[in-house]
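Close look at the chain arrangement
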Amino acid sequence: MYGNFIDNLRLFTRGGSGGMGYPRLGGEGGKGGDVWVVAHNKMTLKQLKDKYPQKRFVAGEGANSRVSALKGSKGKDCEIPVPVGISVTDENGKIIGELNKEKDRLLVAEGGLGGKLLTNFLPLKGQKRVIHLDLKLMADIGLVGFPNAGKSSLLSQISHAKPAIADYAFTTLKPELGKIMYNDFKQISVADLPGLIEGAHMNKGMGHKFLKHIERTRQLLFVVDISGFQLSSQTQYRTAFETIILLTKELELYKEELQTKPALLAVNKMDLPDAQDKFCVLMNQLQNPKDFLHLFEKNMIPERTIEFQHIIPISAITREGIDELKNCIRKSLDEHANWENDAYHKKQLLNLQISNTVSYSETPSKNTVTSPRMDN
């Protein structure tokens, strides 16, 4: 939870019990109601928690069979309103499903069957299930950086967001979403997430929550301060290059596939004295990272270093490089969309070729595999 921002909730759900059957006349009891999770654009998890503090959701019972209505009516369904962009897991962490757009629905607890011949006319109880709702932001670009790298200032420069900006670590305590508007009306959404801290994968600070949100962004934009970073007088000073290596390691330790996301690098605070010289040093280090990794402790070296699609020197204060950055963000997203499209079409084409060759050859025996598994 960041201040008032709730990004996960645990709920108890139970489907309704079925209604009693009517043995003498063979009447069937109604089925119990089901519990559904339904996505709404205007909803937040905080509203859900405030509205239902007991966090229990039980559906209605099926009606008993009776002479005037031999088939009992179904119990009333229960709907849990949740925000869009939620993943629902059970008590063991197994994913039940995701709700990514308005009106998406997910069945989480089924009602019990009504009494009938098969059950000796006795009704069955509804399914009981504890579920976890996790909110994962959806944005094209996720800003990655240690506190104070200037992410909030950058977000306010490139987009229409008005984040709270202050000159101390941990300013961003909840995810901020901004939109970059282009002249041809294209919009790209950017999420500034709470600053990552060394050791986030071990759940220090808000690290883990932050990393969870990053999974739902298409690409990453690393933001580093050209003059390096020091969280407090008690912690070690890190150069810009060390900062990038540490950020990479944090992402890798949380989930390796985060490193496979396309990434850009904005080197911020280029208005500071000596920034230009430091930038030349940084570029040299990024071009030959292997030559500098011996400076790190073993456990800080990532398995693989991130290759940035674009590296842009900027100053959120003077606006230097901001337009260039906006263009690079767009270019990178477009290139990736085209690449995904091409990959998809190639795969379709390959499937087509395979299915054609299979149909011309003799009918395969039951055990042969006719098409290899496709891995993008």
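For the chain, the name recorded in an unreviewed UniProt entry is GTP-binding protein 10, with Equus caballus as its organism. Entered under Sequence similarities (unreviewed entry) in the UniProt record, the comment concerning the chain runs "Belongs to the TRAFAC class OBG-HflX-like GTPase superfamily. OBG GTPase family."

Notes on the pattern of salt bridges
Here the structure, examined in full by the defined rule, presents 15 salt bridges. Taking the shortest distance from any N to any O, the salt bridge between D34 and K74 comes out at 3.6 Å. Here D34 is found in the loop between β1 (8–14) and β2 (35–40), whereas its partner K74 is found in the loop between β3 (56–58) and β4 (78–83), with 40 residues between them in sequence. Judged by relative accessible area, D34 falls into the buried class, the value being 8%. Here D334 ties to R330 by a salt bridge, and the two come within 3.8 Å at their closest N and O atoms. With D334 and R330 both in helix α6 (residues 322–360), this residue pair falls four residues apart, about one helical turn. Take D334: its relative accessible area is 34%, and that puts it in the partly exposed class. Three or more residues joined by partner-sharing salt bridges are found here, namely K31, D34, K74 and D77.

Focus: the nonpolar core
F222, L265, V267, L282 and F308 are the most contacted members of the largest nonpolar core, which has 31 residues in total. Of all the secondary-structure elements, those providing two or more residues to this core are β12 (217–225), α4 (240–254), β13 (263–268) and α5 (275–287). Residue contacts for L265: discarding those within four places in its chain leaves L221, F222, V224, I244, L286, F308, H310, I311 and I312. Residues V35, L45, L99 and A109 belong to the second largest nonpolar core, which totals 22 residues.

As for the sheet that holds β3
Pairing is mixed in the open sheet, where five strands are placed in the order β3-β1-β8-β5-β6. Each end of this open sheet is capped by a strand with a single partner; those strands are β3 and β6 (95–99). The mean angle between the axes of side-by-side strands here comes to 25°, regardless of whether they run parallel or antiparallel. Sheet topology places strand β5 (residues 86–90) next to β6; four bridges connect them, and they run antiparallel. Paired with S87 across the two strands is E98, which belongs to β6.

Cut-offs applied
- Residues numbered from 1 in each chain as written.
- Predicted model: local features only at pLDDT ≥ 70, side-chain atom pairs only at ≥ 80, totals over all residues.
- Heavy atoms only, no water.
- UniProt positions renumbered as here; feature names shortened; annotations may be inferred.
- Salt bridge = Lys/Arg side-chain N within 4 Å of Asp/Glu carboxyl O.
- Helix = DSSP H or I, 4+ residues; strand = E, 2+ residues; numbered from the N terminus.
- Buried < 20%, exposed > 50% of the residue type's maximum accessible area, 1.4 Å probe, protein only.
- Core = buried A, V, L, I, M, F, W, Y, C linked by side-chain atoms within 4.5 Å.
- Contact = heavy atoms within 4.5 Å.
- Pairing = 2+ DSSP bridges.
- Axes fitted to C-alpha atoms, helices over the stretch in contact; angles between N-to-C directions.

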